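Residue-level structure breakdown
As a plain string of letters, each chain reads:
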Amino acid sequence: LGSKHGPAPRPPSSPPFDAMSLLAAAARSAGARQRAVLPVARIAKRHLGETTTGPPVTDLASNFRLACEFFTKPAISYKDYKQQCVSLRIFAFAGVCGGCALCLMLD
């Protein structure tokens, strides 16, 4: 319609310019500046609750006891469940790596 003979005619209710208003441009640039600063500030302290609880990774006896409780005792809270999973992960990793190494040696 308007490609051969210039731009298409405007409906009577549209504004006579295509540019963004100054107020909208200022609001958009201010919002972009705020979005650029805020994520950095939010990442600095996220309050995820990643504090160290339970036995250290090097205490295999305590971690083995907690890993066995994963199968025998239901966790009462999420923290108990998470600690059981963390303790079980140590032995699961060792078992999978040891099994893969054994299969490679036997092959």
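Quick look at the structure, then. (Residues numbered from 1 in each chain as written. Predicted model: local features only at pLDDT ≥ 70, side-chain atom pairs only at ≥ 80, totals over all residues. Heavy atoms only, no water.)

As for the side chain of N63
Summarising the element assignment, N63 is placed in helix α2 (residues 60-72). You can call N63 buried: its relative accessible area is 1%. Among the polar contacts listed, one links the side chain of N63 to the backbone oxygen of D59, at a separation of 3.0 Å. Discounting chain neighbours no more than four positions away, the residues touching N63 are P55, P56, V57, Q83, S87, I90 and F91. (Helix = DSSP H or I, 4+ residues; strand = E, 2+ residues; numbered from the N terminus. Buried < 20%, exposed > 50% of the residue type's maximum accessible area, 1.4 Å probe, protein only. Polar contact = N/O pair within 3.5 Å; in protein donor to acceptor, adjacent residues only side chain to side chain. Contact = heavy atoms within 4.5 Å.)

Observations regarding helix α3 (residues 78-106)
Its 29 residues give α3 an end-to-end C-alpha distance of 41 Å, which sits within 8% of 42 Å, the value for a rise of 1.5 Å per residue. If you check which residues of α3 are buried, you get Q83, Q84 and S87. In this structure, the buried residues of α3 make contact with α2. (Expected span 1.5 Å × (residues − 1).)

Focus on α2
A rise of 1.5 Å per residue sets the reference length of α2, with its 13 residues, at 18 Å; its end C-alpha atoms lie 18 Å apart and thus fit the reference within 8%. If you check which residues of α2 are buried, you get S62, N63, L66, A67 and E69. Buried residues of α2, viewed axially, fall in a sector of 150 degrees; they line one side. Residues of α2 that are exposed and angled more than 90 degrees away from the buried face: A61, F71 and T72. Residues of α2 that are buried make contact with α3. (Arc of directions from axis to C-beta.)

Topic: a nonpolar patch on the surface
Side chains of F70, F71, Y78 and Y81 sit close together on the surface and give an oily, nonpolar patch of about 490 Å² of accessible area. For the nonpolar patch, the secondary structure elements donating two or more residues are α2 and α3. On the secondary structure map, Y78 appears in helix α3. (Patch = residues over 30% accessible without salt bridge, like charges linked within 9 Å, V, L, I, M, F, W, Y side chains within 5 Å. Areas by Shrake-Rupley, 256 points an atom, 1.4 Å probe, with all protein chains shown as cover. Salt bridge = Lys/Arg side-chain N within 4 Å of Asp/Glu carboxyl O.)

Examining the pattern of salt bridges
Summed over the entire model, instances satisfying the criterion amount to 1 salt bridge. Residues E69 and R65 are paired through a salt bridge, measuring 3.2 Å at the closest nitrogen-oxygen approach. With E69 and R65 both in helix α2 and 4 residues apart, this pair spans about one turn of that helix.

A look at the packing of α2 against α3
One way to put it is that α2 packs onto α3 with a least axis distance of 8 Å and a crossing angle of 115 degrees. For the element pair α2 / α3, the angle class is roughly perpendicular. Where α2 crosses over α3, the two elements pack in a sense that is left-handed. Contacts from L60, N63, F64, L66, A67, E69, F70 and F71 of α2 reach α3 at Y81, Q83, Q84, C85, S87, L88, I90 and F91. (Axes fitted to C-alpha atoms, helices over the stretch in contact; angles between N-to-C directions. Parallel < 35°, antiparallel > 145°, perpendicular 65-115°, else oblique. Left-handed = near helix turned anticlockwise from the far one by under 90°.)

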